[in-house]
Number of protein chains: 2
Amino acid sequence: MVTETREKMVRTAALLLAKRGLQGASFSEVLAASGAPRGSIYHHFPEGKDQLVAEALALAQARAMDELERHRGESAPDVARAFVQLWRDVLLASDFSAGCAVVAVTVAADAEPLVEKAAAVFREWQGILTDLLATGGVPSARAASLASLLIAASEGAVIVARAEGAIDRFDAVAEELVEVVAAAGEVSG
Amino acid sequence: MVTETREKMVRTAALLLAKRGLQGASFSEVLAASGAPRGSIYHHFPEGKDQLVAEALALAQARAMDELERHRGESAPDVARAFVQLWRDVLLASDFSAGCAVVAVTVAADAEPLVEKAAAVFREWQGILTDLLATGGVPSARAASLASLLIAASEGAVIVARAEGAIDRFDAVAEELVEVVAAAGEVSG
DNA sequence: GTCTATACGAAGATAGAC
DNA sequence: GTCTATCTTCGTATAGAC
C-alpha cells in the first residue's frame, strides 16, 4: 500500500510524543518503533521532523474529535464523562507511561509554527466541547468556560497521574469535573 | 561566594525547564543564560544533568510552597485565588513563553528517578493545598479532591494559555475554579 | 519507495592543566 | 573553582545509488 508506511510513522510519532515527549519522538525512535525503513523518511516527510510532528498532532486531534462526536446529543455530564474517560484510557492502557501529544509539543517546542498547531488542536477541542455541552443542557453562556475547564483539568490530571503512576488523583479530578458540569446543567433545567 | 554560581545555575535551569522543556535546559543553554563558567558544571553537579534538573524541581516546589504558605489562614476561595494567581503571573511575566518546570520534566523524562521527583513535588503541593483549603472552610472530605482539581486545572490551563498566547482561557478556568471552591465552602458554613 | 553513506551540529560527559 | 580539550553518542538532514 502506498501510504501504509507513512501512516505507521505518523501513528508511531503520536505515540512517542505522548510517551516520551518531543525529544523522544526522534526519527531513529520512530523508525525503530514503527519498523519503517530509514530511507523513506524524507520521501514521506520532505519538511522533516516538524512535518511529522504536525501530522501526529493532527492525528491526536482527530482521535479525540471522533470520540467526542460519538456522544453528540447526550447530556452534558455524559459528554464530560466521555472526554475524561478518553484520557483515563490513555493512562491505563499505557500503564501511566503516556500522556497527551499536544501537551508534549506545547511545553517543548522551540519552533513557533508547531506551537500554533498545538493551539489549533486545543481550539478544535474547545469548539466541539462547547457545542456538545450546550447541546447537552449547559447554558450557552457557561458552556465555553466549562469546556476550557474540562480540557485544562483533564490535561493536568493526566500529567499528575503519570508522575504518580496511579489513577487516584485523576479520578478525584474527574469526579469533580462531572459534578460541576451536572450542577451547571441543573440551573437552567 | 561559594555557592553563587551554583545557585544561579539552578535558577537558570528552572527557568529554562519552564520555558523550553527538558531538552531546552541543556548545559550549554544553562551556561549561556546564567553566565556560569563551563568548567564548573561537574564540579557543582557531579551526577550531571539529572542532578541539576532535580534541584531545579526542588526550587520550583519551594517557590510555590512559600507563596502558598503566605496565605495560610485565609478563606478557601482566597487560597484558590492565590494558587491560580501564581501561575497567571508566570504566564504574563514570560509573555506566555513559560510554564511549569515540573510538567516539563514529567512529560519528557526518560529516567524514572526524575519522574519520581516530579511526583514528589505534586504531592507536596497537594498536601499543603489540601491543608489550606480545609483550614479555609472546605469540608475536609472534599479538600483533597479540590486540591487535586486546582493543581490539575491550573497546570492544564497554563499549557493551553501558552499554546494560545492569550490569557482568556486561563482566566475562564480560574474563575470556574474559584467558584467551585467557594461553593464547597458554603455547604458547611 | 527504499537503500547506503555521510555531513554537521548539539548534547552529555570526562581528563587533566591551572 | 575554573579552564580547555576531547570523546562519544545521537539527532537532523542531504546525496546519490537501486
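Since we're looking at a predicted model, the values are computed, not measured.

### Thoughts on the relation of the copies chain A and chain B
What relates the two chain copies is a rotation about an axis together with a slide along it.
1) Next: Mapping chain A onto chain B is achieved by rotating through 180° and translating by 0.0 Å along the same axis, at an RMSD of 0.0 Å. The superposition of one copy onto the other is thereby described by a two-fold rotation axis. When C-alpha distances to the rotation axis are compared across chain A, the minimum falls at A:Ala153, with a value of 1.8 Å.
2) Next: With an isologous cut-off of 70% or more, the 100% of interface residues of chain A that recur at the interface of chain B puts this contact in the isologous class.

### Concerning the packing of helix H7 (residues 112–135) of chain A against helix H8 (residues 140–164) of chain B
1) Next: Interaxial distance between H7(A) and H8(B) falls to 8 Å at its minimum, and their mutual angle equals 120°. Put simply, H7(A) runs oblique to H8(B). As H7(A) runs across H8(B), the sense of the crossing is left-handed. Mapping the contact onto sequence places A:Val115, A:Ala119, A:Phe122 and A:Arg123 in H7(A) and B:Ile159, B:Val160, B:Arg162, B:Ala163 and B:Glu164 in H8(B).
2) Next: The residue inventory of the contact of H7(A) with H8(B), partitioned by class, reads six nonpolar, no polar and three charged.

### Let's talk about the environment of A:Phe170
Residue and element names in this part refer to chain A.
1) Next: Relative to the elements of secondary structure, Phe170 occurs in helix H9 (residues 168–187).
2) Next: Residues Phe170 and Ala153, 17 residues apart in the sequence, show an inter-C-alpha distance of 9.3 Å.
3) Next: Not counting chain neighbours up to four residues away, the residues in contact with Phe170 comprise Val84, Trp87, Arg88, Leu91, Ser154, Ala157, Val158 and Ala161.

### A short note on the interface of chain A and chain B
1) Next: Between chain A and chain B, the contact holds 35 residues from the first and 35 residues from the second.
2) Next: When chain A packs against chain B, the two sides together hide about 3,200 Å² of surface, and 63% of this comes from carbon and sulfur.
3) Next: Considering only the surface of chain A that becomes buried against chain B, A:Val107, A:Arg169 and A:Glu176 emerge as the three largest contributors, covering 19% of it.
4) Next: At the junction of chain A with chain B, the criterion picks out four salt bridges.
5) Next: A salt bridge links A:Arg123 to B:Glu164, with the nearest nitrogen and oxygen atoms 2.9 Å apart.
6) Next: If you look at where chain A meets chain B, you find 12 residue pairs in polar contact (both at pLDDT 80 or more).
7) Next: Counting residues per element, the ones that place at least two in the side of chain A that touches chain B are helix H1 (4–24), helix H6 (101–108), H7, helix H8 (140–164) and H9 of chain A.
8) Next: If one sorts the elements of the side of chain A that touches chain B by residue count, H8(A) sits on top with 15 residues.
9) Next: Residue composition of the side of chain A that touches chain B, by class: 20 nonpolar, seven polar and eight charged.

### Re the environment of A:Gln51
Residue and element names in this part refer to chain A.
1) Next: Structurally, Gln51 can be placed in helix H4 (residues 49–69).
2) Next: According to the relative accessible area criterion, Gln51 is buried, its value standing at 15%.
3) Next: Along the primary structure Gln51 and Gly24 are separated by 27 residues, whereas in three dimensions their C-alpha atoms are 16 Å apart.
4) Next: With near-sequence residues (within four places) excluded, Gln51 lies in contact with His44, Phe45 and Pro46.
5) Next: Of note is the side chain of Gln51, whose polar atom sits 2.9 Å from the backbone nitrogen of Glu47.

### A closer look at H8(A)
Residue and element names in this part refer to chain A.
1) Next: Between its first and last C-alpha, H8 extends 36 Å over 25 residues, near the 36 Å set by a 1.5 Å rise per residue.
2) Next: Counted residue by residue, H8 has 20 buried out of 25 residues, so it is predominantly covered.
3) Next: After H8 finishes, the residue Gly165 shows a positive phi value of roughly 75°.

### Observations regarding the packing of aromatic side chains
1) Next: Tallying each qualifying case throughout the model produces eight aromatic pairs over all chains.
2) Next: Ring geometry for B:Phe83 against B:Trp87: centres 6.4 Å apart, planes inclined by 80°, an arrangement best described as edge-to-face. Of this pair, B:Phe83 and B:Trp87 both sit in helix H5 (residues 76–93), four residues apart, which is roughly one turn of the helix.
3) Next: We classify B:Trp87 as buried; its relative accessible area is 5%.
4) Next: An aromatic cluster of at least three residues, connected via ring pairs, comprises A:Phe83, A:Trp87, A:Phe122 and A:Trp125.

### Some details on the packing of H4(A) against H6(A)
All names here are of chain A.
1) Next: As a packed pair, H4 and H6 sit with axes 9 Å apart at the nearest point and diverge in direction by 140°. Taken together, the axes of H4 and H6 lie oblique to each other. Residues Val53, Leu57 and Ala60 of H4 lie in contact with H6, whose contacting residues are Ala101, Val102 and Val105.
2) Next: Looking at side-chain class alone, the contact of H4 with H6 contains six nonpolar, no polar and no charged residues.

### Considering the environment of B:Phe83
Residues and elements named next belong to chain B.
1) Next: Looking at Phe83, the relative accessible area reads 0%, which means it is buried.
2) Next: C-alpha of Phe83 to C-alpha of Leu68: the two residues are 15 residues apart in sequence and 6.7 Å apart in space.
3) Next: The residues contacting Phe83, other than those within four sequence positions of it, are Leu68, Leu129, Leu150, Ile151 and Ser154.

### Thoughts on the pattern of salt bridges
1) Next: Considering all chains together, one arrives at 22 salt bridges over all chains under this definition.
2) Next: One salt bridge connects B:Arg70 with B:Glu67, and the closest N-O pair in it is separated by 2.9 Å.
3) Next: Residue B:Glu67 is classed as partly exposed on the basis of its relative accessible area, which comes to 26%.
4) Next: Each of A:Glu116, A:Arg123, B:Glu164 and B:Arg169 takes part in a single network of salt bridges with overlapping partners.

Thresholds applied
- Residues numbered from 1 in each chain as written.
- Chains lettered and ligands numbered in written order.
- Predicted model: local features only at pLDDT ≥ 70, side-chain atom pairs only at ≥ 80, totals over all residues.
- Heavy atoms only, no water.
- Least-squares fit on C-alpha atoms with pLDDT ≥ 70 in both.
- Contact = heavy atoms within 4.5 Å.
- Axes fitted to C-alpha atoms, helices over the stretch in contact; angles between N-to-C directions.
- Helix = DSSP H or I, 4+ residues; strand = E, 2+ residues; numbered from the N terminus.
- Parallel < 35°, antiparallel > 145°, perpendicular 65-115°, else oblique.
- Left-handed = near helix turned anticlockwise from the far one by under 90°.
- Nonpolar A, V, L, I, M, F, W, Y, C, P; charged D, E, K, R; others polar.
- Buried area = accessible area lost by both parts, 1.4 Å probe.
- Salt bridge = Lys/Arg side-chain N within 4 Å of Asp/Glu carboxyl O.
- Polar contact = N/O pair within 3.5 Å; in protein donor to acceptor, adjacent residues only side chain to side chain.
- Buried < 20%, exposed > 50% of the residue type's maximum accessible area, 1.4 Å probe, protein only.
- Expected span 1.5 Å × (residues − 1).
- Phe/Tyr/Trp six-rings, centres within 6.5 Å; stacked < 30°, edge-to-face > 60°.

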